[in-house]
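Report on the structure
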Amino acid sequence: MNITEARIDHLSGLARLSLPGGEKEEIARELERILDYMAVLDGLDTAGAEPLSHVFPLKNVLRPDETAPSAGRAALLAGAPAADGERFLVPKAVE
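This section reports on the structure supplied with the text. The structure displayed is predicted, hence computed values, not measured ones.

The next subject is the overall build of the chain. Helix and strand counts for the chain come out as 3 helices and 0 strands. Computed over the C-alpha atoms, the radius of gyration of the chain is 31 Å, more than 25% above the 12 Å expected from 2.2 N^0.38 for a compact globule of 95 residues. Out of the 95 residues belonging to the chain, those deemed buried represent 8%. For the chain, the computed accessible surface area is about 9,100 Å², with 58% contributed by carbon and sulfur atoms.

Printed below as a string of structure tokens:
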């Protein structure tokens, strides 16, 4: 595929980049190399390869959920800076 200056201008506009004239030729050469390598990869026989979502097999390393009794109201309110026996007391935020 031939990378033209018009195509570089279009791509740089999409990426919101301003490229000086000297960089356009360098970018064009790099894009040509990338596309040539993609053509090499496209020619590989991948008929027997399984699709992967990750290189390594993934498994869940978390423990299973277990139910446990929670602390009582008195224990929770004991650590509060201000409480009235039933709930936390906080400063009024909206007037």
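What follows is about a nonpolar patch on the surface. A cluster of nonpolar side chains, contributed by Ile-34, Leu-35, Tyr-37, Met-38, Val-40, Leu-41 and Leu-44, occupies part of the molecular surface with about 640 Å² of accessible area. Note that Leu-44 resides in the loop between helix H2 (21-42) and helix H3 (73-78).

Here we come to unusual backbone geometry. Despite not being glycine, Arg-16 shows a phi value in the positive range, around 55 degrees. For Arg-16, the position within the fold is in the loop between helix H1 (5-14) and H2. Classification of Arg-16 by relative accessible area gives exposed; the value is 78%.

Here Gly-48 is to be found in the loop between H2 and H3. Taking the relative accessible area as the measure of exposure, Gly-48 reaches 76% and is therefore exposed. Linking Gly-48 and Thr-67, residues 19 residues apart in sequence, is a C-alpha distance of 45 Å.

Here the focus is the side chain of Glu-32. Tracing the backbone through its elements, the reader meets Glu-32 in helix H2. Despite being buried, Glu-32 has no salt bridge partner; Arg-7 is the closest side chain of opposite charge, sitting 7.8 Å away. Among the polar contacts listed, one links the side chain of Glu-32 to the backbone nitrogen of Ile-3, at a separation of 2.7 Å.

To continue, consider the pattern of salt bridges. Per the stated rule, a full pass over the model turns up 4 salt bridges. With a shortest N-O distance of 3.9 Å, Lys-24 and Glu-5 are connected by a salt bridge. Note that Lys-24 is positioned in helix H2 and Glu-5 in helix H1, a separation of 19 residues in sequence. Residue classification places Glu-5 among the partly exposed residues on the basis of a relative accessible area of 48%. Of the charged contacts, one joins Lys-24 and Asp-9 as a salt bridge, the two residues approaching to 2.7 Å between their closest N and O atoms. Of the two residues, Lys-24 sits in helix H2 while Asp-9 sits in helix H1, which places them 15 residues apart along the sequence. With relative accessibility at 33%, the residue Asp-9 sits in the partly exposed group. Connected via shared salt-bridge partners are Glu-5, Asp-9 and Lys-24.

Rules used in this analysis
- Residues numbered from 1 in each chain as written.
- Predicted model: local features only at pLDDT ≥ 70, side-chain atom pairs only at ≥ 80, totals over all residues.
- Heavy atoms only, no water.
- Helix = DSSP H or I, 4+ residues; strand = E, 2+ residues; numbered from the N terminus.
- Rg over C-alpha atoms; globule rule 2.2 N^0.38 Å.
- Buried < 20%, exposed > 50% of the residue type's maximum accessible area, 1.4 Å probe, protein only.
- Areas by Shrake-Rupley, 256 points an atom, 1.4 Å probe, with all protein chains shown as cover.
- Patch = residues over 30% accessible without salt bridge, like charges linked within 9 Å, V, L, I, M, F, W, Y side chains within 5 Å.
- Salt bridge = Lys/Arg side-chain N within 4 Å of Asp/Glu carboxyl O.
- Lys, Arg positive; Asp, Glu negative; His and termini not counted.
- Polar contact = N/O pair within 3.5 Å; in protein donor to acceptor, adjacent residues only side chain to side chain.

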